[in-house]
Amino acid sequence: MENFNFLINGRLVAGAKTMPVVNPATEEVLVQCPRASEEQLNEAVAAAKAAFPAWAATPIEERRKLIVRMAETIEKNCADLARILTQEQGKPLADATAETMGMAGFFRYFASLDLPLRVIEDSKGRKVEAYRRPLGVIGAIIPWNFPLMILSFKLPPALLAGNTLVVKPAPTTPLASLKFAELVADILPKGVLNFIADANDLGDALTHHPDVRKISFTGSTATGKKVMASAAETLKRITLELGGNDAGVVLDDAKPKAVAKGIFEGAFQNSGQVCLAIKRLYVHESIYDEMCHELVQLAEAAVVDDGLKQGTQLGPLQNKMQYEKVKGFLDDARKNGKVVAGGEVMDRPGYFIRPTIVRDISEGSRLVDEEQFGPVLPVLKYSDTDEAIKRANNTTYGLGASVWSSNLERAHDVASRLEAGTVWINKHLDMAPHIPFGGAKNSGLGTEFAEEGLNEFTQLQVINMAR
Ligand code: NAD
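About the criteria used
- Residues numbered from 1 in each chain as written.
- Predicted model: local features only at pLDDT ≥ 70, side-chain atom pairs only at ≥ 80, totals over all residues.
- Heavy atoms only, no water.
- Pairing = 2+ DSSP bridges.
- Helix = DSSP H or I, 4+ residues; strand = E, 2+ residues; numbered from the N terminus.
- Axes fitted to C-alpha atoms, helices over the stretch in contact; angles between N-to-C directions.
- Near = heavy atom within 4 Å.
- Polar contact = N/O pair within 3.5 Å; in protein donor to acceptor, adjacent residues only side chain to side chain.
- Nonpolar A, V, L, I, M, F, W, Y, C, P; charged D, E, K, R; others polar.
- 1 Å grid on protein atoms, 1.4 Å probe; cavity = no way out; pocket = protein on both sides within 12 Å on 5 of 7 lines; lining within 4 Å.
- Points joined across faces, edges and corners; volume = space filled by probe spheres on them.
- Salt bridge = Lys/Arg side-chain N within 4 Å of Asp/Glu carboxyl O.
- Buried < 20%, exposed > 50% of the residue type's maximum accessible area, 1.4 Å probe, protein only.
- Expected span 1.5 Å × (residues − 1).
- Contact = heavy atoms within 4.5 Å.
- Right-handed = clockwise from strand over helix to strand, strands pointing away.
- Phe/Tyr/Trp six-rings, centres within 6.5 Å; stacked < 30°, edge-to-face > 60°.
- Lys NZ or Arg CZ within 6 Å of the ring centre and 35° of its normal.
- Parallel < 35°, antiparallel > 145°, perpendicular 65-115°, else oblique.
- Left-handed = near helix turned anticlockwise from the far one by under 90°.

**Student:** Which residues make up the sheet that holds strand E5 (residues 118-122), and what values do they have?
**Tutor:** The strand order across the open sheet built from three strands is E5-E6-E20, with neighbouring strands paired in antiparallel fashion. Because the sheet does not close on itself, it has two edges, and the strands there are E5 and strand E20 (458-466). On average, each strand axis in the sheet is inclined to that of its neighbour by 20°, with strand direction left out of account.

**Student:** Can you lay out the site of the ligand for me, pointing to particular residues and giving the numbers?
**Tutor:** Lining the immediate environment of the ligand, one finds 29 residues, of which Ile142, Asn200, Ser220, Leu242 and Glu371 sit closest. With respect to the ligand, the side chain of Lys168 contributes an N or O atom lying 2.9 Å from an oxygen atom. For the ligand, an oxygen atom lies 2.7 Å from a polar atom in the side chain of Ser220. Mapped by element, the contributors of at least two residues to the shell around the ligand are helix H7 (203-208), strand E10 (212-218) and helix H8 (221-232). Broken down by element, the shell around the ligand gets its largest block of residues, three residues, from H8. A breakdown of the residues in the shell around the ligand according to their chemical character gives 15 nonpolar, nine polar and five charged.

**Student:** Before we move on, could you go through the layout of surface pockets and cite the residues and values that matter?
**Tutor:** Counted as a void, the second largest pocket has a volume near 250 Å³. Lining the second largest pocket are Asp95, Lys261, Phe264, Glu265, Phe268, Gln269, Asn270, Leu298, Ala301, Ala302, Gln313 and Leu314. The set of elements that each furnish at least two residues to the lining of the second largest pocket consists of helix H9 (256-268) and helix H10 (288-301). Considered class by class, the residues forming the lining of the second largest pocket number six nonpolar, three polar and three charged.

**Student:** So, the pattern of salt bridges: which residues are in play, and what are the values?
**Tutor:** Pairing is possible between side chains of opposite charge, provided their charged atoms come close. Summed over the entire model, instances satisfying the criterion amount to 35 salt bridges. Here Glu2 and Lys179 are joined by a salt bridge, their closest N and O atoms 3.0 Å apart. A residue pair is termed long-range when its members are at least 10 positions apart, and Glu2 in the segment before strand E1 (6-8) and Lys179 in helix H6 (residues 175-184) qualify at 177 residues. Given a relative accessible area of 9%, Lys179 falls into the buried group. Measuring nitrogen to oxygen at the nearest pair gives 3.1 Å for the salt bridge that ties Asp360 to Arg359. By relative accessible area, Asp360 is classed as partly exposed at 40%. Assessed through its relative accessible area of 15%, Arg359 is described here as buried.

**Student:** Explain helix H4 (residues 93-111) residue by residue, including any values.
**Tutor:** If you check H4, its first and last C-alpha atoms are 27 Å apart, about what 19 residues at 1.5 Å a residue would give, namely 27 Å. Looking at the buried positions of H4, the neighbouring elements they touch are helix H2 (60-76), helix H3 (78-89), helix H5 (147-160), H6 and helix H15 (450-455).

**Student:** Pulling in residues and values, what's your account of the pairing of strand E13 (residues 278-284)?
**Tutor:** Taking burial as the measure, the seven residues of E13 include seven buried ones, the bulk of the element. Between strand E12 (residues 246-250) and its parallel partner E13, the chain crosses via H9, and the hand of that crossover is right-handed.

**Student:** Explain the packing of aromatic side chains residue by residue, including any values.
**Tutor:** What the rule picks out here adds up to 11 aromatic pairs. Relative to Phe180, the ring of Phe107 has its centre 5.9 Å away and its plane inclined at 65°; by these criteria the two rings are edge-to-face. Here the residue Phe107 occupies a position in helix H4, and Phe180 occupies one in helix H6, the gap between them amounting to 73 residues. Residue Phe107 shares its accessibility class with Phe180, and that shared class is buried. Ring geometry for Phe437 and Phe449: centres 5.3 Å apart, planes at 55°, overall tilted. Remark: Phe449 occurs in the loop between strand E19 (444-445) and H15 and Phe437 occurs in the loop between strand E18 (422-425) and E19; sequence separation between them is 12 residues. A connected cluster of aromatic rings, assembled from ring pairs, spans Phe106, Tyr109, Phe110, Phe153, Phe437 and Phe449. If you follow Lys214 out to its NZ or CZ, it ends over the ring of Phe457, 5.0 Å from the centre.

**Student:** Please give an account of the packing of H2 against H6 that cites residues and values.
**Tutor:** If you want to describe how two helices pack, look at the angle between their axes and the distance between the axes. Contact pair H2 / H6: the axes reach a minimum separation of 10 Å and the direction vectors enclose 120°. Classified by the angle between their axes, H2 and H6 sit oblique to one another. In this structure, H2 crosses over H6, and the sense of that crossing is right-handed. Here H2 contributes Met70, Thr73 and Ile74 to the contact with H6, which in turn contributes Phe180, Leu183 and Val184. Across the contact of H2 with H6, the residue classes tally to five nonpolar, one polar and no charged.

**Student:** Summarise empty space enclosed by the protein; cite the residues concerned and give the values.
**Tutor:** All chains considered together, the criterion is met by two cavities of 30 Å³ or more. Considering the residues around the largest cavity, the lining is formed by 15 residues, among which Arg280, Ala392, Thr395, Gly400 and Glu419 are closest to the centre. Counting only elements with at least two residues in the lining of the largest cavity, the list comes to E12, helix H13 (385-393) and strand E17 (400-404). Across the lining of the largest cavity, the residue classes tally to seven nonpolar, five polar and three charged. Forming the walls of the second largest cavity are Leu7, Gly10, Val184, Ala185, Leu188, Pro189, Lys190, Gly191, Val192 and Leu193. Tallied by class, residues from the lining of the second largest cavity come to seven nonpolar, two polar and one charged.

Everything listed is a geometric property; what it means functionally is a separate question.
Put into structure tokens, the structure is as follows:
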């Protein structure tokens, strides 16, 4: 593989140290990736701070054009980016390609937005205006499941609003992000966009840094709480997109054959490593056996292999730690439920686990109560809709949920009673840049996407004039 560098103050630079990045499909080291020292992190923040005044003063039309140029660059280099993404992340090349093009789509979408002046009052006595000002240096912290896509939730709105950035990808998936940084290095003025990588050891320094005005974080709830505590000292703005334990609720009037595919994809996309995946499925007792049967058929037919191989539907788990964690959930499933598909790791190199369906399992097992973040789906039986809603809501998480039914009105009623930031009906995981997205309860704080997401990268300023 080629060389990777950081982007600091407009220059591509080597890391103070290096760290290995592993291909999860082979367990072989892909490359020694640069690893930053705290001094390099401080240099990146200093560069972003120095670049901020000029970038904030650049007309939005100019910033917009540069964001579109970045989208064009992503599209032009999609094949390269997607290939790196598959090799480091594990997902099938078709999915990596869709992620890269989706990333470009988010850049284009945010470039189309505006931050218009709002006149709140224009009367004889006063004129009151509301402006959206940039905040300053933004620290963007990214997880390993959708490294490029999640970058695009943060980077273009932050830039459009006039902020500068220091981006830190996850230690096991820094490569596609660093490649992206290299590709766009000459598009923006120096220091506006900076990329480093760490070995899970610089997050705290970034969130504590007095010159960082906001942290936009996506990752686990446990780390999100640390970010919040650390940001409190300097009262940084924070947006937290955290973990989930999404419930799918299948009503008694749903047709198992018709809904099985959507549920399967909602649970197993990216090998279940999706914050918003279906992580618990509640099925009415009258259709329970049939629903389990349909899901087992799909699980058994799924092609699990190296993401670079054509035809692969599901790749490996992304890293060894997550693989070991999911193996723990498999043990739990065998103890507390009945494994009817999958259930074993694959006898080959790589962190492969076949899609697993677990029936006759209930609350009180780890697989149901915790976030598995892997290809293991517990299917729970219920007998009464109110009971299903209560059980679905009985979690500290509140990211997404879905209701599956032949009756939209009934499904809508159930949806409105589920405690989640997004509730889908007869689908799961339908996201788009113009549809705001954020978690309830311990699944997050604030909103990404859409105008709401853009506004979170701004400070509201009111100018109130006497007349
Ligand atoms: P993680 O919390 O372990 O790591 C996320 C990022 O935080 C990484 O870049 C990591 O290096 C960094 N980090 C580690 N310690 C830090 C600290 N003390 N301060 C600041 N940053 C620190 O999460 P992960 O394992 O990479 O990702 C999986 C989790 O992310 C799952 O819980 C998943 O549900 C969640 N997730 C949520 C969303 C969402 O939008 N809600 C999207 C994707 C993933």
